[in-house]
Amino acid sequence: MLNIEELSRRFREELAAAQETEELEKVRIAYLGKKGSVTELLKGLKNLNGDEKREAGQRINTFKQEVQAFIQKRSAELEAARQEARLKNDPRYDISMPVDLGQGTLHPITLVQRELEEIFKSMGFTIEDYKEIVTEYECFEAVNIPKYHPARDMQDTYYLENGQVLKTHTSAAQNAILRKYGANTRAIFPGRCFRNEALDASHENTFFQMEGIMVGEDISISNLIYFMKTMLSEVFGKPITVRLRPGFFPFVEPGFELDIQCHVCGGTGCPTCKQSGWIELCPCGMIHPNVLEMAGIDSEKYSGFAFGLGLTRLAMMKYGIKDIRMLNSGSLKALEQFKVR
Ligand code: DAH
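The numbers attached to residues start from 1 for each chain and follow its sequence in the written order. pLDDT decides what is reported in this predicted model: residues at 70 or higher carry local features, side-chain atom pairs at 80 or more are listed and counted, and totals for whole chains, interfaces and linings draw on all residues regardless. Side-chain measures here rest on the full set of heavy atoms in the structure, leaving out hydrogens and waters.

This part covers helix H4 (residues 50–88). Because each turn of an α-helix spans 3.6 residues, side chains separated by three or four positions in sequence point in the same direction. A run of H or I in DSSP counts as a helix once it spans at least four residues, and a run of E counts as a strand once it spans at least two, with each numbered from the N terminus. Multiplying 1.5 Å by the helix residue count minus one yields the expected span of that helix. With 39 residues, H4 extends 57 Å between its outermost C-alpha atoms, agreeing within 8% with the 57 Å of an ideal straight helix rising 1.5 Å per residue. Taken residue by residue, H4 has Ala56, Gly57, Ile60, Phe63, Val67, Ile71, Arg74 and Leu78 as its buried positions. Note on definitions: a residue-residue contact is assigned when non-hydrogen atoms from the two residues lie within 4.5 Å. Among the structural elements, helix H1 (4–17), helix H2 (21–32) and helix H3 (37–44) are those in contact with the buried residues of H4. Burial status follows relative accessibility: with a 1.4 Å probe on protein chains alone, a residue under 20% of its type maximum counts as buried, one over 50% as exposed, and anything between as partly exposed.

Moving on, we get to unusual backbone geometry. Pro254 follows Glu253 through a cis peptide bond whose omega is 0 degrees. Positive phi, normally seen in glycine, also occurs at Asp218, with a value near 60 degrees. Examined against the element boundaries, Asp218 turns out to sit in the loop between strand S5 (206–216) and helix H8 (221–236). Among the residues examined, Asp218 registers a relative accessible area of 71% and is labelled exposed. Notably, Lys274 is not glycine yet its phi reads approximately 50 degrees, a positive angle. Its location among the elements puts Lys274 in the loop between strand S7 (252–261) and strand S8 (278–287). On the basis of relative accessibility, which here comes to 74%, the residue Lys274 falls in the exposed class.

Whether a residue is near a molecule or strand depends on its heavy atoms: if one lies within 4 Å, it is near. In the vicinity of the ligand there are 16 residues, among which His169, Ser171, Arg195, Gln209 and Glu211 approach most closely. Under the rule applied, a polar contact is a pair of N or O atoms within 3.5 Å (in protein, one hydrogen donor and one hydrogen acceptor; residues adjacent in sequence only if both atoms are side-chain atoms). Here Arg195 contributes a side-chain N or O atom positioned 2.8 Å from an oxygen atom of the ligand. The backbone of Ala306 places a nitrogen or oxygen atom 3.2 Å from an oxygen atom of the ligand. Protein contacts shield 93% of the accessible area of the ligand, which totals 350 Å² for the unbound molecule. Applying the majority rule of atoms within 2 Å of the grid points places the ligand in the largest pocket. Elements with a minimum of two residues in the shell around the ligand: S5, S8 and strand S9 (303–310). Note that Gly is not counted as nonpolar here; it falls among the polar residues with everything else outside the nonpolar set of Ala, Val, Leu, Ile, Met, Phe, Trp, Tyr, Cys and Pro and the charged set of Asp, Glu, Lys and Arg. Partitioned by chemical class, the residues of the shell around the ligand number seven nonpolar, seven polar and two charged. Reported accessibility uses the Shrake-Rupley method at a 1.4 Å probe radius. Residues are deemed covered only where the shown protein chains occlude them. Method remark: on a 1 Å grid restricted to protein atoms, a set of points is classed as a cavity if a 1.4 Å probe fits but cannot get out and as a pocket if it is open with protein on both sides within 12 Å along at least five of seven lines; lining residues have an atom within 4 Å of a point. Placement in a cavity or pocket follows one criterion, namely that more than half of the molecule's atoms lie within 2 Å of its grid points.

This part is about the state of the cysteines. Note on terminology: disulfide describes a covalent bond linking the sulfur atoms of two cysteines. In this description, a disulfide is simply a cysteine sulfur pair whose atoms lie within 2.5 Å. Within this structure, the stated rule accounts for zero disulfides. Sulfur of Cys265: no disulfide; nearest cysteine sulfur belongs to Cys262 and is 3.6 Å away. Cys284 provides the cysteine sulfur closest to Cys282, a residue in no disulfide bond, and the two sulfurs are 5.3 Å apart.

Moving on, we get to the pairing of strand S4 (residues 186–194). By the criterion of burial, S4 is predominantly enclosed, with seven of the nine residues buried. Here strand S1 (residues 126–127) runs beside S4; their pairing, made up of two bridges, is parallel. Looking at the pairing, Ile127 lines up with Ile188 of S4. In this description, strands pair whenever DSSP reports at least two bridges between them. Note: S4 against S5, nine bridges, orientation antiparallel. Pairing of Phe194 across the sheet is with Thr206, part of S5.

A few words on the domain arrangement of the protein chain. As annotated, the domain borders come from an automatic or database domain assignment. Examined at the domain level, the protein chain breaks down into domain 1 (4–88) and domain 2 (108–338). Each of domain 1 and domain 2 has a C-alpha centre, and these two points are 62 Å apart.

Quick look at the structure:
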(Lines give C-alpha, C1' and ligand atoms only; values in the text may rest on other atoms or scores of the structure.)
Protein backbone atom coordinates (compact mmCIF):
# COMPACT_ATOMS: atom_id res chain seq x y z
CA MET A 1 0.00 0.00 0.00
CA LEU A 2 1.21 3.49 -0.82
CA ASN A 3 2.73 5.34 2.07
CA ILE A 4 0.20 7.93 3.32
CA GLU A 5 2.91 10.30 4.57
CA GLU A 6 4.38 10.36 1.10
CA LEU A 7 0.97 10.97 -0.45
CA SER A 8 0.22 13.75 2.04
CA ARG A 9 3.50 15.49 1.19
CA ARG A 10 2.71 15.34 -2.51
CA PHE A 11 -0.78 16.65 -1.89
CA ARG A 12 0.51 19.72 -0.05
CA GLU A 13 2.94 20.51 -2.83
CA GLU A 14 0.27 20.28 -5.48
CA LEU A 15 -2.11 22.32 -3.35
CA ALA A 16 0.39 25.12 -2.89
CA ALA A 17 1.04 25.14 -6.61
CA ALA A 18 -2.62 25.60 -7.48
CA GLN A 19 -3.05 29.30 -8.21
CA GLU A 20 -6.40 29.14 -9.98
CA THR A 21 -9.75 27.63 -9.09
CA GLU A 22 -9.51 25.28 -12.08
CA GLU A 23 -6.12 23.94 -10.94
CA LEU A 24 -7.47 23.42 -7.46
CA GLU A 25 -10.38 21.49 -8.90
CA LYS A 26 -7.89 19.22 -10.71
CA VAL A 27 -6.11 18.53 -7.42
CA ARG A 28 -9.45 17.77 -5.78
CA ILE A 29 -10.34 15.26 -8.47
CA ALA A 30 -6.89 13.68 -8.31
CA TYR A 31 -7.40 12.90 -4.62
CA LEU A 32 -11.11 12.76 -3.90
CA GLY A 33 -12.57 12.00 -7.34
CA LYS A 34 -13.97 8.61 -8.35
CA LYS A 35 -10.52 7.45 -9.43
CA GLY A 36 -8.62 9.69 -7.00
CA SER A 37 -5.80 8.47 -4.76
CA VAL A 38 -7.88 8.56 -1.59
CA THR A 39 -10.72 6.70 -3.22
CA GLU A 40 -8.28 4.08 -4.51
CA LEU A 41 -6.82 3.66 -1.02
CA LEU A 42 -10.31 3.10 0.40
CA LYS A 43 -11.02 0.51 -2.31
CA GLY A 44 -7.78 -1.30 -1.40
CA LEU A 45 -9.12 -1.87 2.13
CA LYS A 46 -11.12 -4.88 1.02
CA ASN A 47 -7.90 -6.87 0.65
CA LEU A 48 -7.04 -6.41 4.31
CA ASN A 49 -8.36 -8.14 7.40
CA GLY A 50 -9.12 -7.51 11.06
CA ASP A 51 -6.96 -5.06 12.98
CA GLU A 52 -4.93 -4.21 9.92
CA LYS A 53 -8.06 -3.20 8.06
CA ARG A 54 -9.40 -1.11 10.93
CA GLU A 55 -6.13 0.71 11.45
CA ALA A 56 -5.61 1.42 7.75
CA GLY A 57 -9.24 2.55 7.46
CA GLN A 58 -8.80 5.08 10.25
CA ARG A 59 -5.59 6.49 8.76
CA ILE A 60 -7.10 6.83 5.32
CA ASN A 61 -10.19 8.57 6.69
CA THR A 62 -8.11 11.01 8.72
CA PHE A 63 -6.12 11.79 5.59
CA LYS A 64 -9.32 12.21 3.58
CA GLN A 65 -10.69 14.73 6.09
CA GLU A 66 -7.40 16.61 5.97
CA VAL A 67 -7.54 16.77 2.18
CA GLN A 68 -11.13 18.03 2.26
CA ALA A 69 -10.35 20.70 4.85
CA PHE A 70 -7.24 21.94 3.02
CA ILE A 71 -9.06 22.13 -0.29
CA GLN A 72 -11.90 24.10 1.28
CA LYS A 73 -9.48 26.53 2.89
CA ARG A 74 -7.50 27.01 -0.31
CA SER A 75 -10.68 27.52 -2.26
CA ALA A 76 -11.77 30.30 0.11
CA GLU A 77 -8.33 31.93 -0.19
CA LEU A 78 -8.45 31.87 -3.98
CA GLU A 79 -11.97 33.29 -3.97
CA ALA A 80 -10.95 36.11 -1.61
CA ALA A 81 -7.95 36.93 -3.80
CA ARG A 82 -10.16 36.94 -6.88
CA GLN A 83 -12.64 39.33 -5.20
CA GLU A 84 -9.90 41.65 -4.08
CA ALA A 85 -8.37 41.77 -7.54
CA ARG A 86 -11.78 42.51 -9.01
CA LEU A 87 -12.41 45.38 -6.57
CA LYS A 88 -8.93 46.79 -7.03
CA ASN A 89 -9.42 47.04 -10.76
CA ASP A 90 -12.92 48.43 -10.57
CA PRO A 91 -12.92 52.25 -10.53
CA ARG A 92 -16.27 52.28 -8.72
CA TYR A 93 -14.73 51.01 -5.48
CA ASP A 94 -12.17 52.59 -3.25
CA ILE A 95 -10.76 49.75 -1.20
CA SER A 96 -8.57 52.09 0.80
CA MET A 97 -11.69 53.55 2.45
CA PRO A 98 -12.16 52.50 6.09
CA VAL A 99 -14.99 50.01 6.45
CA ASP A 100 -15.81 50.58 10.08
CA LEU A 101 -18.56 53.15 9.77
CA GLY A 102 -20.04 52.23 13.13
CA GLN A 103 -23.10 50.20 13.96
CA GLY A 104 -26.47 51.55 12.88
CA THR A 105 -29.42 51.94 15.20
CA LEU A 106 -33.09 51.17 14.89
CA HIS A 107 -35.52 54.04 14.62
CA PRO A 108 -37.63 54.58 17.77
CA ILE A 109 -40.80 53.94 15.77
CA THR A 110 -39.40 50.64 14.53
CA LEU A 111 -38.57 49.70 18.11
CA VAL A 112 -42.09 50.37 19.35
CA GLN A 113 -43.63 48.75 16.28
CA ARG A 114 -41.64 45.55 16.75
CA GLU A 115 -42.48 45.44 20.42
CA LEU A 116 -46.21 45.77 19.67
CA GLU A 117 -45.98 43.15 16.95
CA GLU A 118 -44.49 40.66 19.40
CA ILE A 119 -47.21 41.36 21.96
CA PHE A 120 -50.05 40.96 19.48
CA LYS A 121 -48.48 37.91 17.86
CA SER A 122 -48.43 36.24 21.26
CA MET A 123 -52.17 36.94 21.52
CA GLY A 124 -52.88 35.23 18.18
CA PHE A 125 -53.01 38.28 15.89
CA THR A 126 -51.52 38.25 12.40
CA ILE A 127 -49.38 41.15 11.25
CA GLU A 128 -50.34 42.66 7.93
CA ASP A 129 -48.50 44.95 5.60
CA TYR A 130 -50.44 47.31 3.38
CA LYS A 131 -49.97 49.80 0.58
CA GLU A 132 -49.30 53.48 1.17
CA ILE A 133 -51.20 54.52 -1.95
CA VAL A 134 -54.81 53.41 -1.79
CA THR A 135 -58.08 54.06 -3.59
CA GLU A 136 -60.52 56.63 -2.29
CA TYR A 137 -62.92 53.74 -1.77
CA GLU A 138 -60.53 51.93 0.59
CA CYS A 139 -59.62 55.06 2.49
CA PHE A 140 -63.15 56.38 2.93
CA GLU A 141 -66.21 54.64 1.46
CA ALA A 142 -65.22 51.17 2.69
CA VAL A 143 -64.93 52.51 6.25
CA ASN A 144 -68.32 54.17 6.12
CA ILE A 145 -67.22 57.68 5.13
CA PRO A 146 -69.27 58.34 1.97
CA LYS A 147 -68.38 61.03 -0.56
CA TYR A 148 -69.16 64.53 0.77
CA HIS A 149 -69.45 63.27 4.36
CA PRO A 150 -68.12 65.99 6.68
CA ALA A 151 -65.85 63.40 8.38
CA ARG A 152 -63.59 63.66 5.32
CA ASP A 153 -62.70 67.20 6.39
CA MET A 154 -60.95 65.85 9.48
CA GLN A 155 -58.24 64.31 7.29
CA ASP A 156 -56.64 66.79 4.91
CA THR A 157 -55.87 64.33 2.15
CA TYR A 158 -53.20 64.19 -0.55
CA TYR A 159 -54.96 63.26 -3.79
CA LEU A 160 -52.86 61.91 -6.63
CA GLU A 161 -53.50 62.79 -10.25
CA ASN A 162 -54.78 59.29 -10.94
CA GLY A 163 -57.51 59.72 -8.33
CA GLN A 164 -55.85 57.56 -5.69
CA VAL A 165 -54.80 58.95 -2.32
CA LEU A 166 -51.90 58.65 0.11
CA LYS A 167 -53.52 56.75 2.93
CA THR A 168 -54.57 59.10 5.69
CA HIS A 169 -55.08 56.35 8.24
CA THR A 170 -54.37 52.65 8.58
CA SER A 171 -58.14 52.11 8.60
CA ALA A 172 -57.78 52.20 4.80
CA ALA A 173 -56.62 48.58 5.00
CA GLN A 174 -59.61 47.37 7.01
CA ASN A 175 -61.70 46.34 4.02
CA ALA A 176 -58.94 44.29 2.37
CA ILE A 177 -57.96 42.56 5.60
CA LEU A 178 -61.54 41.82 6.61
CA ARG A 179 -62.04 40.28 3.17
CA LYS A 180 -58.90 38.22 3.56
CA TYR A 181 -59.78 36.66 6.93
CA GLY A 182 -63.56 37.08 7.03
CA ALA A 183 -65.31 36.32 10.30
CA ASN A 184 -62.07 35.07 11.90
CA THR A 185 -60.04 38.23 11.63
CA ARG A 186 -57.49 38.98 14.32
CA ALA A 187 -54.98 41.31 12.78
CA ILE A 188 -52.84 44.34 13.35
CA PHE A 189 -51.52 46.50 10.57
CA PRO A 190 -48.91 49.14 11.23
CA GLY A 191 -48.33 51.67 8.49
CA ARG A 192 -47.15 55.08 7.37
CA CYS A 193 -49.92 57.65 6.94
CA PHE A 194 -50.00 61.07 5.30
CA ARG A 195 -51.99 64.23 5.89
CA ASN A 196 -51.48 67.77 4.78
CA GLU A 197 -50.74 69.14 8.26
CA ALA A 198 -49.09 72.42 9.17
CA LEU A 199 -45.91 71.22 10.88
CA ASP A 200 -45.20 71.97 14.51
CA ALA A 201 -43.86 70.10 17.53
CA SER A 202 -46.83 67.74 17.54
CA HIS A 203 -47.98 67.67 13.89
CA GLU A 204 -46.28 65.97 10.97
CA ASN A 205 -47.49 65.30 7.44
CA THR A 206 -46.01 61.81 7.66
CA PHE A 207 -46.61 59.64 10.70
CA PHE A 208 -47.26 56.05 11.75
CA GLN A 209 -50.37 54.38 13.06
CA MET A 210 -51.14 50.84 14.02
CA GLU A 211 -54.61 49.57 13.41
CA GLY A 212 -56.02 46.45 15.04
CA ILE A 213 -59.20 44.53 14.37
CA MET A 214 -60.75 41.44 15.85
CA VAL A 215 -63.92 39.85 14.48
CA GLY A 216 -65.83 36.79 15.59
CA GLU A 217 -68.98 35.62 17.30
CA ASP A 218 -69.75 37.47 20.54
CA ILE A 219 -66.83 39.88 20.42
CA SER A 220 -67.68 42.72 22.79
CA ILE A 221 -66.36 45.89 24.38
CA SER A 222 -64.92 43.80 27.23
CA ASN A 223 -62.64 42.03 24.72
CA LEU A 224 -61.56 45.42 23.41
CA ILE A 225 -60.72 46.70 26.90
CA TYR A 226 -58.87 43.51 27.79
CA PHE A 227 -56.61 43.59 24.73
CA MET A 228 -55.87 47.29 25.06
CA LYS A 229 -55.00 47.00 28.75
CA THR A 230 -52.77 43.99 28.19
CA MET A 231 -50.96 45.61 25.30
CA LEU A 232 -50.40 48.95 27.05
CA SER A 233 -49.22 47.34 30.28
CA GLU A 234 -46.60 45.41 28.27
CA VAL A 235 -45.45 48.51 26.42
CA PHE A 236 -45.06 50.61 29.55
CA GLY A 237 -43.82 47.70 31.66
CA LYS A 238 -46.38 48.22 34.43
CA PRO A 239 -50.14 47.80 34.93
CA ILE A 240 -51.98 50.58 33.08
CA THR A 241 -55.41 51.88 34.02
CA VAL A 242 -57.64 52.86 31.10
CA ARG A 243 -60.95 54.63 30.69
CA LEU A 244 -63.29 55.00 27.74
CA ARG A 245 -65.06 58.18 26.72
CA PRO A 246 -67.53 58.41 23.86
CA GLY A 247 -65.93 59.47 20.57
CA PHE A 248 -67.21 59.71 17.03
CA PHE A 249 -65.66 57.82 14.11
CA PRO A 250 -67.89 56.77 11.22
CA PHE A 251 -66.45 53.24 11.10
CA VAL A 252 -67.29 52.29 14.69
CA GLU A 253 -70.50 52.22 16.69
CA PRO A 254 -70.23 52.81 19.55
CA GLY A 255 -66.96 54.69 19.22
CA PHE A 256 -64.59 55.65 22.04
CA GLU A 257 -61.54 57.60 22.98
CA LEU A 258 -59.41 55.41 25.16
CA ASP A 259 -57.41 57.31 27.76
CA ILE A 260 -54.70 55.91 29.99
CA GLN A 261 -54.04 57.07 33.50
CA CYS A 262 -50.94 59.27 33.24
CA HIS A 263 -47.88 57.00 33.33
CA VAL A 264 -45.71 59.85 34.59
CA CYS A 265 -47.62 61.04 37.69
CA GLY A 266 -49.89 58.03 38.17
CA GLY A 267 -53.02 60.15 37.90
CA THR A 268 -52.39 62.95 40.39
CA GLY A 269 -51.77 65.56 37.70
CA CYS A 270 -48.56 66.82 36.09
CA PRO A 271 -47.44 68.78 33.01
CA THR A 272 -47.46 65.64 30.81
CA CYS A 273 -51.19 65.08 31.35
CA LYS A 274 -51.94 68.82 31.62
CA GLN A 275 -52.92 68.25 35.27
CA SER A 276 -55.86 66.04 34.31
CA GLY A 277 -54.35 62.71 35.34
CA TRP A 278 -55.34 61.15 31.98
CA ILE A 279 -53.77 60.98 28.53
CA GLU A 280 -55.77 60.46 25.36
CA LEU A 281 -54.15 57.57 23.56
CA CYS A 282 -56.17 55.44 21.25
CA PRO A 283 -59.49 55.85 19.47
CA CYS A 284 -61.42 52.61 19.13
CA GLY A 285 -64.85 51.05 19.07
CA MET A 286 -67.09 48.28 17.85
CA ILE A 287 -66.85 47.91 14.07
CA HIS A 288 -69.84 49.50 12.34
CA PRO A 289 -72.16 46.93 10.71
CA ASN A 290 -71.79 48.77 7.37
CA VAL A 291 -68.03 48.16 7.46
CA LEU A 292 -68.52 44.44 8.10
CA GLU A 293 -71.15 44.16 5.37
CA MET A 294 -68.98 46.00 2.84
CA ALA A 295 -66.33 43.35 3.46
CA GLY A 296 -68.85 40.56 2.95
CA ILE A 297 -69.25 39.67 6.65
CA ASP A 298 -72.71 38.99 8.10
CA SER A 299 -73.16 41.71 10.71
CA GLU A 300 -76.15 39.96 12.29
CA LYS A 301 -73.99 37.01 13.20
CA TYR A 302 -70.56 38.53 13.77
CA SER A 303 -69.18 41.54 15.56
CA GLY A 304 -65.76 42.97 16.19
CA PHE A 305 -63.68 45.76 17.61
CA ALA A 306 -61.18 48.09 15.98
CA PHE A 307 -58.60 50.50 17.28
CA GLY A 308 -56.28 53.02 15.68
CA LEU A 309 -53.18 53.49 17.77
CA GLY A 310 -50.95 56.46 17.05
CA LEU A 311 -47.63 54.65 16.77
CA THR A 312 -45.70 57.86 16.40
CA ARG A 313 -47.36 59.34 19.45
CA LEU A 314 -46.78 56.21 21.48
CA ALA A 315 -43.08 56.19 20.57
CA MET A 316 -42.85 59.85 21.64
CA MET A 317 -44.50 59.06 24.96
CA LYS A 318 -42.44 55.99 25.62
CA TYR A 319 -39.12 57.66 24.89
CA GLY A 320 -40.01 61.14 26.11
CA ILE A 321 -39.53 62.71 22.65
CA LYS A 322 -40.78 66.31 22.78
CA ASP A 323 -40.77 67.29 19.10
CA ILE A 324 -42.33 65.06 16.45
CA ARG A 325 -40.15 66.61 13.74
CA MET A 326 -37.12 64.88 15.19
CA LEU A 327 -38.47 61.52 14.01
CA ASN A 328 -38.25 62.35 10.31
CA SER A 329 -35.22 64.59 10.63
CA GLY A 330 -32.66 61.95 9.75
CA SER A 331 -30.47 63.52 12.43
CA LEU A 332 -28.00 60.87 13.55
CA LYS A 333 -27.27 62.79 16.69
CA ALA A 334 -30.89 62.48 17.78
CA LEU A 335 -31.57 58.98 16.49
CA GLU A 336 -28.37 57.34 17.70
CA GLN A 337 -29.67 57.54 21.26
CA PHE A 338 -31.92 54.59 20.54
CA LYS A 339 -29.33 51.86 20.44
CA VAL A 340 -30.76 48.39 20.77
CA ARG A 341 -29.10 46.79 23.70
N1 DAH B 1 -58.64 56.07 11.61
C2 DAH B 1 -58.83 56.98 12.72
C3 DAH B 1 -57.98 58.22 12.50
O4 DAH B 1 -56.90 58.10 11.96
C5 DAH B 1 -58.45 56.34 14.01
C6 DAH B 1 -59.37 55.25 14.43
C7 DAH B 1 -60.43 55.55 15.25
C8 DAH B 1 -59.19 53.95 14.04
C9 DAH B 1 -61.29 54.58 15.71
C10 DAH B 1 -60.05 52.95 14.47
C11 DAH B 1 -61.09 53.28 15.32
O12 DAH B 1 -59.92 51.66 14.10
O13 DAH B 1 -61.93 52.29 15.76
O14 DAH B 1 -58.36 59.27 12.86
